[in-house]
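Listed below are the residues making up each chain.
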Amino acid sequence: MNGPIRKVTIFVSLLLAALLVNTTWISVVRTDSLNNDTRNRRVRDAEFSRNRGAILVGNEPIAESVPRSGRFPFVRTYPDGELWSSVTGWYSYDYGRSGLEQSFNQQLAGTSSEQSFARVIDLLTGRQSSGANVQTTLNPAAQKAAVDALGDKRGAVVAMNYETGEILSLVSTPTYDPNLLATVDLGEAQRAWSELLNADDEPLKGRATREVYPPGSTFKLITAAAALEDGMVPDTMVDAPDSLPLPNSSRSMGNSTNCGGDRVTIQQAMQTSCNTAFGNLGLELGADKMTQMAEAFGFNQDPTVDIAAAKSRFPGELDEAQTALTAIGQYDVAASPLQMVQVVAAIANDGRMMKPYLVSTVTNRDLTVLSSTSPQEQSRPVSESTAELLRQMMVATVEDGTGTPAQISGVTIGGKTGTAQTAPDRPPYAWFVGYAEDPKVAIVAFVEDADVARDDISGGKLAAPIFRKVLEALR
């Protein structure tokens, strides 16, 4: 081989080697980033054209792909979309996914590793691939009752079987219609997105799981749990002055209810939601024990539910004044409604906190099971005896305390109200957290804004009736 030909051969070989290296690099290293690049419209076209699996409640689809003609052979539709949007989320060409559409995207699209064999069979047989179906744990009656009870209020409801961790209802209001974002008319989808994104009541917020709020007096359950685990009992006496000076501060803590005396039992303090008594409990326990109990109940821990969720927060490095405020769920304590229903569920379930889940099974179209979820104990934040004492105090709160609006004749119910102050220029948040013995369910009702006078806002007035209606739907 003469010199020029040798040089050309070497040059061409180098080019082929560079091409091979680049192809390998793209195939092995950059595949995911290129597929996820929002500018890659070929990938989005292909994904939006898939026959995605259905999301089911019982045998009824709450999200499904329907065949059509045109650029996209399928369109995602949501029967009764506003009822279920807090769970399904949306599936949109330009605005991605949320809810179960996001967390189970690979299974719904048929692209998960577990579905690779089915894809090969489809390729060999020429059959069009389709995604798997996702079966939820939701209860239609409870979901509808929650949406109806919240009405025009901004808020959330989460109901959970405390013995299994199955989520029976998950609602964030106001709801929205995900069909507006899933449409193949991309111009209409853009207009709908803009309206939803700029709406004053922020319907795209996931208030049930993705937002955290001051839990107010519902946090007193955790303070009481810390006190009982520290050796106190419901009859332990606590100072309950009208005003509690906060140490090393010019501020003081007051009461919004009649505590029933200057010195009351812990149970009396729970029934009347006495701030100063629980502030004193927090001071007596100290920051370390308060932090330990909050974290045992899941604060400062990553959520484990199979939908996007925010971490609930208990602040660190507290001084005495801050410790007293955290004991009544103020200062920098923040919790999602999902977190608070887990707290109540653990108390109702003898101290065992079950891992919450929304999806029970994922099945291929031939009904073979890809995955299934079984009840799983997540932790034990308190002992069985402490949980029993807490339930006694919660039942007393509903029978003869601030939680009486949650009563249902013939049903044993335990609960705790909460009214959380935020800022002088915005209304307080209203909470009610509770459980029933039959059915075995824990429910949290949260109202962010009901558009009523400030004096009319309380957990008992606004949130407890919502709790009651959801519970009645489950009976």
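Remember, it's a predicted structure, so these values are computed and weren't measured experimentally.

Chemist: What am I meant to see in the sheet that holds strand 17 (residues 413-420) here?
Modeler: Backbone hydrogen bonds hold the strands of a sheet together, and the pairing may be parallel or antiparallel. On the basis of which strands lie adjacent, the open sheet formed by five strands has the order 8-7-19-18-17 and antiparallel pairing. Both outer strands of the open sheet, strand 8 (167-173) and strand 17, are each paired with one neighbouring strand and no more. Here the average twist between neighbouring strands, direction ignored, is 10°. Where strand 17 meets strand 18 (residues 429-436), eight bridges bridge the pair, whose relative direction is antiparallel. Residue pairing across strands places Lys416 opposite Val433, the latter belonging to strand 18. Lying on the sheet, helix 8 (residues 140-150) is in contact with strand 7 (154-161), strand 8 and strand 19 (441-449); it crosses strand 8 at an angle near 25°. The strands touched by helix 16 (residues 337-348) within the sheet are strand 7, strand 8, strand 18 and strand 19, with strand 19 carrying the most contacts at an inclination of about 150°.

Chemist: I would appreciate a short explanation of a nonpolar patch on the surface in the present structure.
Modeler: On the surface, Val8, Phe11, Val12, Leu15, Leu16 and Leu19 cluster together to form a nonpolar patch covering roughly 590 Å² of accessible area. By the secondary structure assignment, Val8 is in helix 1 (residues 3-28).

Chemist: So what exactly am I meant to see when it comes to the UniProt feature "domain: Penicillin binding protein A dimerisation" (unreviewed entry) in the protein here?
Modeler: Here, UniProt's "domain: Penicillin binding protein A dimerisation" (unreviewed entry) annotation points to residues 52-134. Counted over residues 52-134, helix gives 34% and strand 25%. Its end C-alpha atoms are 10 Å apart.

Chemist: Any chance you could explain the state of the cysteines here in plain terms?
Modeler: Applying the stated criterion across every chain, the model contains one disulfide. Linked covalently through their sulfurs, Cys259 and Cys274 form a disulfide whose S-S length is 2.2 Å. Residues Cys259 and Cys274 share a disulfide whose torsion about the S-S bond is about 90°; that sign makes it right-handed. Taken together, the positions of Cys259 in the loop between strand 11 (252-254) and strand 12 (263-265) and Cys274 in the loop between helix 12 (266-272) and helix 13 (275-285) put the pair 15 residues apart, joining distant regions of the chain. Relative accessible area serves as the criterion here: at 0%, Cys274 is assigned to the buried category.

What counts as what
- Residues numbered from 1 in each chain as written.
- Predicted model: local features only at pLDDT ≥ 70, side-chain atom pairs only at ≥ 80, totals over all residues.
- Heavy atoms only, no water.
- Pairing = 2+ DSSP bridges.
- Helix = DSSP H or I, 4+ residues; strand = E, 2+ residues; numbered from the N terminus.
- Axes fitted to C-alpha atoms, helices over the stretch in contact; angles between N-to-C directions.
- Contact = heavy atoms within 4.5 Å.
- Patch = residues over 30% accessible without salt bridge, like charges linked within 9 Å, V, L, I, M, F, W, Y side chains within 5 Å.
- Areas by Shrake-Rupley, 256 points an atom, 1.4 Å probe, with all protein chains shown as cover.
- Salt bridge = Lys/Arg side-chain N within 4 Å of Asp/Glu carboxyl O.
- UniProt positions renumbered as here; feature names shortened; annotations may be inferred.
- Disulfide = S-S within 2.5 Å.
- Buried < 20%, exposed > 50% of the residue type's maximum accessible area, 1.4 Å probe, protein only.

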